[in-house]
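# Geometric and topological summary
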Amino acid sequence: MTGVAAETVPKPASKAEGAHAAPALEIESVSFAYARGAKALDDVSLSVPMGSFTALLGPNGAGKTTLLSLVTRLFDARQGGIRVCGHDLRAAPRRALGAMGVVFQQLTLDLDLTVEQNLRYGAALQGLSGRAARRRIDEGLRRVGLADRRRAKARTLSGGLRRRVEIVRALLHEPRLLVLDEPTVGLDIDSRRQLVEDVHELCREQGLAVLWTTHLIDEIWPEDRLVVLHRGRVQAGGSVREVLRQAGADNIAGAFARLTMDRRP
Amino acid sequence: MSTVATPRGAVPARGGALPWWLCFQGILWRELLRFVQQRGRFFAALVRPLVWLFIFAAGFRAVLGVSIQPPYATYVLYEIYITPGLCGMILLFSGMQSSLSMVYDREMGSMRALLVSPLPRWYLLCCKLVAGVLVAVIQVYAFLAIAWFWKVEPPAIGYLTVLPALILAGLMLSALGLLLSSFIRQLENFAGVMNFVIFPMFFASSALYPLWRVRESSVLLYQIGAANPFTHAVELIRFALYAQLEPSSLALTLAWTAAFLAVALYGYNPARGFMARTGKGT
């Protein structure tokens, strides 16, 4: 574990404290390498406290998507440990995945299905009963202003609206952690800004923990927590102020440049 | 957007079998929806065997009469002989189509939505498999209904007894498709499946001609046909369509299904699977 990263990892919750006292996400000393490649992640540790907005910032190829693939158990982390709300992802994947909602970088809606059909499918994958699913779909669509588009094919929605539907889907089972992998990729400036604001609002008003990966510094707000990942290693982590101090910079752009530029190939 | 949903601050309780059933229902419902929406796929699935039945079988009827052999009690016309093989063809193409759509879903990202469900991955993949088979079985019955007007008239009870055989054969072929999809990283590579899997499986089987006839011309081809899993699936369907059970075909189809499924699930295993090692495909 890097010295900087160690600051971001709280002590694991004891059994007596139970899952509720644990951070929403704890990643501890995770390393990962693909079969024929170099290490994609090297001794990565970080945590996402309950109710916090944590931005995972890194340039392209830093290992952000690989890390999220491990967190969402698309791959298994063979070295290190990942816990979601205190549930070990390897030992109790069902509870860990059940506590998490995911929005991937790639669009995962079925474009030939309607908004509602996509959401009903998402609810079924979470094992939600029809009545609960209908209620939460209605609630979610109303709140994102898409109630009148429920019968529209996903194909007919703009990129920003598709992302909103994906967020509604990710929250149908009422998770405590929302993980988003570069969700603003491909969106225009207005949609991007709106999405960043919306998710910050969710986090602030509803106490949802958010892990948001990005390579764009303007998506990070001063009150956020920040982890800088570069070449598969955590370079700095903590509150924005702490990261600036660790990097010896007076703004995020400067810190990002210092923490990544001199190591770029 | 002001707010989206209300996190309750607790992991939802998910006890009992209900979530598993709801998940299966959801996957089946999605497969049916896609099937209904893609009418072209339905007609293509029907036209293919019908062309074989109406044109190929009619042309070869005089050349390829089939002598008495179980399960037939008398000489049968060639179109009657190849009907179980054409049922198998529908299941084979459907299995490969499912495999193709899984590769497509992986490339397009929608596979991820399935794989991050809290239910076990093996269960999710099995649900997808069964849902695809049920859709394929509907297509087979549509084909049999049309074939009935072409004087392919198995006993009425045969339409019922063939159902488990169709499901089992479909599961075997879909499991093979699932296995292939775990190996295939890109959609472009899928053309090879046509050349190296579908055509050899179909032609080197008992679907179009009895294996004893093949042995007269080539012992090697006969042996290949006898080892071909598709042969056993077709024979299982052939006997079941006449309300009979062919035990060795049943045993071998079951064994191949288990083997294909085991390797396919291994391939999709997040810890040890092929894709976990390569980082491709999900």
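Scoring rules and cut-offs
- Residues numbered from 1 in each chain as written.
- Chains lettered and ligands numbered in written order.
- Predicted model: local features only at pLDDT ≥ 70, side-chain atom pairs only at ≥ 80, totals over all residues.
- Axes fitted to C-alpha atoms, helices over the stretch in contact; angles between N-to-C directions.
- Helix = DSSP H or I, 4+ residues; strand = E, 2+ residues; numbered from the N terminus.
- Parallel < 35°, antiparallel > 145°, perpendicular 65-115°, else oblique.
- Left-handed = near helix turned anticlockwise from the far one by under 90°.
- Contact = placed C-beta atoms within 7 Å.
- Nonpolar A, V, L, I, M, F, W, Y, C, P; charged D, E, K, R; others polar.
- Expected span 1.5 Å × (residues − 1).
- Buried ≥ 20, exposed ≤ 12 C-beta atoms within 10 Å, placed from the backbone.
- Pairing = 2+ DSSP bridges.
- Domains from an automatic or database assignment.

### A word on the packing of helix H1 (residues 18-37) of chain B against helix H5 (residues 121-148) of chain B
Residue and element names in this part refer to chain B. Where H1 meets H5, the closest approach of the two axes is 9 Å, and the angle between their N-to-C directions is 40 degrees. The angle between H1 and H5 falls in the class oblique. In the packing of H1 onto H5, the handedness of the crossing is right-handed. Side by side, H1 and H5 meet where Trp 20, Cys 23, Phe 24, Ile 27, Leu 28, Glu 31, Leu 32 and Phe 35 of the first sit next to Tyr 123, Cys 127, Lys 128, Ala 131, Gly 132, Leu 134 and Val 135 of the second. Here the residues of the contact of H1 with H5 are counted per class, giving 12 nonpolar, one polar and two charged.

### Observations regarding helix H2 (residues 39-60) of chain B
The end-to-end C-alpha distance of H2(B), which contains 22 residues, comes to 31 Å, matching closely the 32 Å that a straight helix rising 1.5 Å per residue would cover. For H2(B), every residue scored as buried is listed here: B:Ala45, B:Pro49, B:Trp52, B:Leu53 and B:Ala57.

### Observations regarding the packing of helix H6 (residues 156-183) of chain B against helix H10 (residues 229-241) of chain B
All names here are of chain B. As a packed pair, H6 and H10 sit with axes 7 Å apart at the nearest point and diverge in direction by 165 degrees. By the angle between their directions, the pair H6 and H10 is classed as roughly antiparallel. The handedness of the crossing between H6 and H10 is right-handed. Taking contact as the criterion, the partners of Gly 158, Thr 161, Val 162, Ala 165, Leu 166, Leu 168, Ala 169, Met 172 and Leu 173 in H6 are, on H10, Pro 229, Ala 233, Leu 236, Ile 237, Ala 240 and Leu 241. When grouped by side-chain class, the residues that make up the contact of H6 with H10 number 13 nonpolar, two polar and no charged.

### Brief notes about the environment of B:Cys126
Along the chain, the position of B:Cys126 falls in helix H5. For the pair B:Cys126 and B:Leu178, spaced 52 residues apart in the sequence, the C-alpha separation amounts to 9.6 Å.

### Quick word on the sheet that holds strand E5 (residues 87-88) of chain A
Residues and elements named next belong to chain A. Strand order in the open sheet made by the four strands is E2-E1-E4-E5, with antiparallel pairing throughout. Unpaired on one side and paired on the other, strand E2 (39-48) and E5 mark the two borders of the sheet. Across two bridges, the pairing between strand E4 (residues 79-84) and E5 is antiparallel. Bridging from a neighbouring strand, Arg 83 pairs with Asp 88 of E5.

### Considering unusual backbone geometry
For A:Ser29, which is not a glycine, the phi torsion comes out positive at approximately 50 degrees. With respect to the helices and strands, A:Ser29 occurs in strand E1 (residues 25-33). We classify A:Ser29 as partly exposed; it has 17 C-beta atoms within 10 Å. The residue B:Ala243 is not glycine, and still its phi comes out positive at about 60 degrees. Tracing the backbone shows B:Ala243 in the loop between H10 and helix H11 (247-267).

### Some thoughts on the sheet that holds strand E10 (residues 233-239) of chain A
Residues and elements named next belong to chain A. With respect to topology, six strands assemble into an open sheet ordered E6-E7-E8-E3-E9-E10, the strand pairing being mixed. Two strands close off the open sheet at either side, each with one partner strand: strand E6 (100-103) and E10. When strand polarity is set aside, the average angle formed by the axes of neighbouring strands in this sheet is 15 degrees. By the bridge criterion, four bridges tie E6 to strand E7 (residues 177-181) in an arrangement that is parallel. Paired with Gly 101 across the strands is Leu 178, a residue of E7. Across the face of the sheet, helix H9 (residues 252-260) comes into contact with strand E3 (53-57), strand E9 (225-230) and E10 while running at roughly 30 degrees to E9.

### Notes on the domain arrangement of chain A
Residues and elements named next belong to chain A. Taken domain by domain, chain A comprises domain 1 (3-99 + 180-263) and domain 2 (108-174). Put simply, the middle of domain 1 and the middle of domain 2, counted by C-alpha atoms, are 26 Å apart. Contacts between the two partners involve seven residues from domain 1 and, on the opposite side, four residues from domain 2. Considering each element in turn, the side of domain 1 that touches domain 2 owes the most residues, three residues, to helix H7 (residues 189-206).

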